[in-house]
Amino acid sequence: MHKSFYDPERMQPSETGVEYLMPIFTNAIGHDDVEQIRQTLFDAGNLHRAYHSVNTDINKRIHYLDT
């Protein structure tokens, strides 16, 4: 992040940073995005299917390469 976007004393975005990020945060998620999240996150099939974790796959590979 550019130094002008961050205030190290307050440990948060500066006024310039807030001004730059405001339109991004305001328009980041639309109704269609939220509907997609609702349909996938709260799908009843999730109660019956195991969650496939990418982190688990990575840990298995790290373990395999480590031995």
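In this text the structure is predicted, and so the values were computed from the model without any measurement. (Residues numbered from 1 in each chain as written. Predicted model: local features only at pLDDT ≥ 70, side-chain atom pairs only at ≥ 80, totals over all residues. Heavy atoms only, no water.)

Caption draft 1: Layout of the overall build of the protein chain. When helices and strands are tallied, the protein chain shows three helices and two strands. Each helix and strand of the protein chain, ordered N terminal to C terminal, gives the series β-β-α-α-α. For 67 residues, the compact-globule estimate of 2.2 N^0.38 gives 11 Å, and the C-alpha radius of gyration of the protein chain, at 20 Å, exceeds that figure by more than 25%. C-alpha atoms of the protein chain, sized along the principal axes, occupy 45 × 40 × 15 Å. For the protein chain, the proportion of its 67 residues judged to be buried stands at 7%. (Helix = DSSP H or I, 4+ residues; strand = E, 2+ residues; numbered from the N terminus. Rg over C-alpha atoms; globule rule 2.2 N^0.38 Å. Buried < 20%, exposed > 50% of the residue type's maximum accessible area, 1.4 Å probe, protein only.)

Caption draft 2: Structural detail: the pattern of salt bridges. Going through the model one piece at a time under the given rule, you end up with three salt bridges. As a salt-bridge pair, Arg10 and Asp7 come within 3.7 Å of each other at their nearest N and O atoms. Taking the relative accessible area as the measure of exposure, Arg10 reaches 41% and is therefore partly exposed. (Salt bridge = Lys/Arg side-chain N within 4 Å of Asp/Glu carboxyl O.)

Caption draft 3: Region of the structure containing the side chain of Asp7. With respect to the helices and strands, Asp7 occurs in strand 1 (residues 6–7). Here Glu9 takes part through its backbone nitrogen, which lies 3.1 Å from a polar atom of the side chain of Asp7. Those residues in contact with Asp7 that sit more than four places away from it in its chain are Gln12, Pro13 and Ser14. (Polar contact = N/O pair within 3.5 Å; in protein donor to acceptor, adjacent residues only side chain to side chain. Contact = heavy atoms within 4.5 Å.)

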